[in-house]
Amino acid sequence: MVRLAGIEPTTPWFVAKYSIQLSYSRNSHNYAMEEKNYITPAGHERIKAELLQLLNLDRPEVVKVVHWAASNGDRSENGDYIYGKKRLREIDRRIRFLNKRLELAVVVDNSARKTGDTNAEQIFFGATVTYSPLAGKDAGKEIEVTIVGVDEVDLEKNHVSWVSPIAKALIKSRLGDCVMIQTPTGSVEIEILNVQYL
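Residues numbered from 1 in each chain as written. Predicted model: local features only at pLDDT ≥ 70, side-chain atom pairs only at ≥ 80, totals over all residues. Heavy atoms only, no water.

Visitor: Quick rundown of the overall build of the protein chain? Include the residues and the values.
Guide: The number of helices and strands found in the protein chain is five helices and seven strands. Reading the protein chain from its N end, one meets helices and strands in the order α-β-α-α-β-α-β-β-β-α-β-β. Relative to its full complement of 198 residues, the protein chain shows a buried share of 30%. In the protein chain, the share of contacts with a sequence separation of at least 24, taken over all contacts with a separation of at least 6, comes to 54%. For the protein chain, the exposed surface amounts to about 13000 Å²; the carbon and sulfur share of it is 55%. (Helix = DSSP H or I, 4+ residues; strand = E, 2+ residues; numbered from the N terminus. Buried < 20%, exposed > 50% of the residue type's maximum accessible area, 1.4 Å probe, protein only. Contact = heavy atoms within 4.5 Å. Areas by Shrake-Rupley, 256 points an atom, 1.4 Å probe, with all protein chains shown as cover.)

Quick look at the structure:
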């Protein structure tokens, strides 16, 4: 038990002061992480698989190496021990991050739009959209993007985040609409040519 200058840890002043400090320290974190983490079912499975890989395979393997290296004696010049501890911290950091992302995850299932039960011509999260710029150097070129979660962005596959400027411009638009998007070179008007939910 902690004692501060003769103050009992159970006095109301002590409890109130330190419970406020504890709640403040728990709440002083990155509020960007507190937003809902919209994610596709496939993305959710990918994050769960990575988390299980870290927990069940990677971490136990590194713990064995660190344990073996620690048993060798002098830890200050033991490369296996130093590197293993560093790798263990990296794995633990990634596990905490993935746990937090899964806690905040809101899985968006578009199965009703895939089967045509609801309006599949309007763009929402999970849509694959084909559009064409109406002016500029890419005028007439068909570009396809899929609107996915922040954790699923992959520019090589044209997967863009739902909070990206292109996705924000496209969401709630419909097939055949023309919308303005902001690019580094200025505003560009695009026409929506196709909407699919894969």
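And the narrative resumes.
Visitor: I'd like a description of the environment of Leu-104, backed by residues and values.
Guide: One can find Leu-104 in the loop between helix H3 (79-103) and strand E2 (105-107). The buried category is assigned to Leu-104, whose relative accessible area is 16%. On a C-alpha basis, the gap between Leu-104 and Asn-37 in space is 5.4 Å, while along the polypeptide they are 67 residues apart.

Visitor: Explain the sheet that holds strand E6 (residues 178-183) residue by residue, including any values.
Guide: An order of E5-E4-E3-E7-E6 is seen for the five strands of this open sheet, with the pairing classed as mixed. Taken across any chain shown, the strands that pair with only one partner, and hence form the sheet edges, are strand E5 (159-161) and E6. Sheet twist, expressed as the average angle between the axes of neighbouring strands with direction ignored, equals 45 degrees. The pairing of strand E3 (residues 128-133) with strand E7 (residues 186-196) spans six bridges and is antiparallel. By the bridge assignment, Ser-132 is partnered in E7 with Glu-191. (Pairing = 2+ DSSP bridges. Axes fitted to C-alpha atoms, helices over the stretch in contact; angles between N-to-C directions.)

Visitor: So what's going on with the environment of Leu-98? Which residues, and what values?
Guide: Its location among the elements puts Leu-98 in helix H3. Along the primary structure Leu-98 and Glu-50 are separated by 48 residues, whereas in three dimensions their C-alpha atoms are 8.4 Å apart. Setting aside residues up to four positions removed in sequence, Leu-98 forms contacts with Ile-47, Glu-50, Leu-51 and Leu-54.

Visitor: I'd like to hear about the environment of Arg-59, residue by residue, with values.
Guide: Along the chain, the position of Arg-59 falls in helix H2 (residues 41-71). For Arg-59, a relative accessible area of 27% translates into the label partly exposed. Spatially, the C-alpha atoms of Arg-59 and Ile-95 are 9.7 Å apart, while their sequence positions differ by 36 residues. Beyond its immediate stretch of four places on either side in the chain, Arg-59 contacts Leu-54, Leu-88, Ile-91, Asp-92 and Ile-95. A polar side-chain atom of Arg-59 sits 2.6 Å from a polar atom in the side chain of Asp-92. (Polar contact = N/O pair within 3.5 Å; in protein donor to acceptor, adjacent residues only side chain to side chain.)

Visitor: With reference to specific residues and values, describe the packing of aromatic side chains.
Guide: All told, the structure shown has two aromatic pairs when counted by the stated rule. On the numbers, 6.3 Å between centres and 50 degrees between planes, the contact of Tyr-38 with Phe-125 is tilted. Residue Tyr-38 is found in strand E1 (residues 37-39), and its partner Phe-125 is found in the loop between helix H4 (111-115) and E3; the two are separated by 87 residues along the sequence. Overall, Tyr-38 belongs to the partly exposed group, its relative accessible area being 26%. Here the aromatic residues Tyr-38, Phe-125 and Trp-162 are joined through ring pairs into a cluster of three or more. (Phe/Tyr/Trp six-rings, centres within 6.5 Å; stacked < 30°, edge-to-face > 60°.)

Visitor: Describe the side chain of Gln-122, listing the residues and the values that go with them.
Guide: On the secondary structure map, Gln-122 appears in the loop between H4 and E3. A polar contact is formed between the side chain of Gln-122 and the backbone oxygen of Lys-172, at a distance of 3.1 Å.

Visitor: Could you give me a rundown of the nonpolar core, with the residues and numbers involved?
Guide: The biggest cluster of nonpolar side chains holds 20 residues, and the ones touching the most others in it are Ile-123, Val-129, Ile-147, Ile-166, Leu-170 and Ile-190. Only E3, strand E4 (143-148), helix H5 (165-170), E6 and E7 provide two or more residues apiece to this core. The next biggest cluster of nonpolar side chains, apart from the first, holds 15 residues, and it includes Val-66, Ile-95, Leu-98 and Ala-105. (Core = buried A, V, L, I, M, F, W, Y, C linked by side-chain atoms within 4.5 Å.)

It is worth stressing that arrangement in space is one thing and function is another; only the former is reported here.
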